[in-house]
Amino acid sequence: MPVDTKAATDRLMRFLAVEGVTGQEAAIGRELMAALKESGVPAKAIRLDDANTRIPVPTETGNLIVDLPGRGALHNQPRIMFMTHMDTVPLCAGAKPKKSGRRIVNSAKTALGGDNRCGCGVLVTLAAELEKHKLDHPPITLLFCVREESGLYGARHVKLDELGSPVMAFNYDGGSASNVVIGAVGADRWTVEIMGRASHAGVAPERGISSTMIMALALAEVKAGGWFGKVVKGKRQGTSNVGPVTGGEGRPAGDATNVVTDYVHVRGESRSHDGKFFKEITKAYKAAFEKAAKKVTNAQGKSGRVKFKAETDYYPFRMKDSQPIIKRAVEAVSAVGGTPNVRTANGGLDANWMVRHGIPTVTFGAGQNEAHTIDEWINLDEYDRACALAVQLATMR
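Now for a quick tour of the structure. If you're wondering where the values come from, they're calculated on a predicted model, not measured in any experiment. Counting from 1, residues in each chain are numbered in the order their sequence is written. Restriction of local features to residues with pLDDT of at least 70 applies here, the model being predicted, together with a cutoff of 80 or more for giving and counting side-chain atom pairs; totals for whole chains, interfaces and linings are based on all residues. Working from all heavy atoms in the structure, the side-chain values ignore hydrogens and water.

## Some remarks on the packing of helix α1 (residues 5-16) against helix α9 (residues 380-395)
In the contact formed by α1 and α9, the axes pass within 10 Å of each other and the chain directions differ by 110 degrees. In this view, α1 runs roughly perpendicular relative to α9, as classed from their interaxial angle. On α9, the residues that touch Thr5, Ala8, Thr9 and Leu12 of α1 are Leu380, Tyr383, Asp384 and Cys387. Among the residues forming the contact of α1 with α9, the class breakdown is 5 nonpolar, 2 polar and 1 charged. Helix axes use the C-alpha atoms of the stretch in contact, all axes being lines fitted to C-alpha atoms, and the angles between their N-to-C directions lie in the range 0 to 180 degrees. Only DSSP runs of H or I reaching four residues or more are called helices, and only runs of E reaching two or more are called strands; each is numbered from the N terminus. Every angle not falling under 35 degrees, over 145, or within 65 to 115 is termed oblique; those three ranges are roughly parallel, roughly antiparallel and roughly perpendicular. Note on definitions: a residue-residue contact is assigned when non-hydrogen atoms from the two residues lie within 4.5 Å. Just so you know the grouping, Ala, Val, Leu, Ile, Met, Phe, Trp, Tyr, Cys and Pro go in nonpolar, Asp, Glu, Lys and Arg go in charged, and all remaining residues, Gly too, go in polar.

## Side note on the sheet that holds strand β18 (residues 377-379)
Whether two strands pair depends on DSSP finding at least two bridges between them. As summarised here, the arrangement of the 4 strands in space is β4-β5-β18-β17, forming an open sheet in which the pairing is antiparallel. The open sheet is flanked by β4 (97-100) and β17 (368-369), the only strands paired with a single partner. In this structure, strand β5 (residues 103-106) lies alongside β18, joined through 2 bridges in antiparallel fashion. Within β18, the residue paired with Ile104 across the bridge is Ile378. Here α9 sits on the sheet in contact with β4, β5 and β18, set at roughly 55 degrees to β18.

## Regarding the pattern of salt bridges
The salt bridge definition used is simple: a Lys or Arg side-chain nitrogen within 4 Å of an Asp or Glu carboxyl oxygen. What the rule picks out here adds up to 22 salt bridges. Close ionic contact of Lys291 with Glu221 constitutes a salt bridge, the shortest N to O distance being 3.3 Å. Of this pair, Lys291 sits in helix α6 (residues 277-295) while Glu221 sits in helix α5 (residues 211-224), and the two are 70 residues apart along the sequence. Of the residues examined, Glu221 reaches a relative accessible area of 32% and is grouped as partly exposed. Relative accessibility under 20% of the residue-type maximum defines a buried residue, over 50% an exposed one, and the middle range a partly exposed one, all with a 1.4 Å probe and only protein chains included.

## Structural notes on the state of the cysteines
When the sulfur atoms of two cysteines come within 2.5 Å, that pair is taken as a disulfide. The tally for this structure, following the rule as stated, stands at 0 disulfides. A disulfide-free cysteine, Cys120 has its sulfur positioned 9.1 Å from the sulfur of Cys118, the nearest such atom. Taking relative accessible area as the criterion, Cys120 reaches 0% and is therefore assigned buried. As a non-bridged cysteine, Cys387 has Cys118 as the owner of its nearest cysteine sulfur, 8.9 Å distant. Assessed through its relative accessible area of 1%, Cys387 is described here as buried.

## Observations concerning the sheet that holds strand β9 (residues 186-195)
With respect to topology, 5 strands assemble into an open sheet ordered β10-β11-β12-β9-β13, the strand pairing being antiparallel. Each edge of the sheet is formed by a strand with only one pairing partner; in this case those strands are β10 (229-233) and β13 (305-314). With strand direction ignored, the average angle separating the axes of adjacent strands in the sheet is 25 degrees. Taken together, the 5 bridges between β10 and strand β11 (residues 236-246) define a ladder with antiparallel strand orientation. Each bridged residue has a counterpart across the sheet, and for Lys233 the counterpart in β11 is Arg236. On top of the sheet, α5 reaches β9, β11, β12 (263-272) and β13; it is set at about 20 degrees to β12, its chief contact. Contacting β9, β10, β11, β12 and β13, α6 crosses the sheet at an angle of about 170 degrees to β13.

## Topic: the pairing of β12
Most of β12 is tucked away, with 8 of its 10 residues classed as buried. As judged from the 10 bridges shared by β9 and β12, these two strands associate in the antiparallel manner. In the strand pairing of β12, Ile194 is matched with Val264. Bridging between β11 and β12 involves 6 bridges; their strand directions are antiparallel. Residue Ser240 lies in a different strand from β12, and its bridge partner there is Ser270.

Structure representation (structure tokens):
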């Protein structure tokens, strides 16, 4: 059954025009609900959950959940789920999408928002095609998550009893619709507060304890030990990064160069496909900061101190090739003319939390390219294939 690609592209352009950066998804949520109703989904089948009340950072709205009852010969088959996220990175604010041949590009100097308005377009198109052609399908849950870009929070905090007990899920988030992503890394997100002692740097520097110097010594040790960037220790591999270095909420006593810095706030991350190894990377950073704090002392022999906090953003996973969901995914990709590329991802996905929740989840692409950059564009051929793939996955016998 061919998909109405013009209608699918029109939906995508419509969704791209609605701003909805991470944590501010109310407007795009309303637009998705309107489009679903226009596609024939009853209003009573569409709802917002209360995940935003459990997310530890301000979030306008909950996840959008849609229940599609089974139809025809497949109506009593086990429930399956299709999911995506409806937020974009902040760089997408102000995007102005326009079509250029078989691409959608951006006429503004921002990111476009294909990550993940493409996934939103696929899921609404799926609902529209099932309704338009009265296709046989099992019970289906559609899940549009909030705050994926800022920590996978929507998927993390969804209540499982809200999803109707799906036996498998198909997540849309990426480039090629032929990619069958069956695993992804896990990650820690860490912060360190470095407390020194302020002093006049030109009059009595010896009385101060420089938090800046503590940071410099710690990062130098991390780099020398091979724990920064790409991390390889024997057969184990991972990555780490040091993000923003700021005054943070604690704020230094002064921001002039003639004040010995008494406070620095550092954020970073550690990643690996090995569930234990990314924790080891984090421990290496913690040890380096604690060691450096003891090294930097003032004339009175007092040293600095650090407060290191780490939280697991998401856990790594890799599903077994023998699982039914992977067989279904590979067969569906082939059926729509693609060549299945079974692989793992080096970034976190909502699938990390779905698998953690006990729902096997495969992730496909939907046409995104150069995501999170001002060069972002959408490949409409891949988007069309992703829409066709969703219909195939939903109606396979």
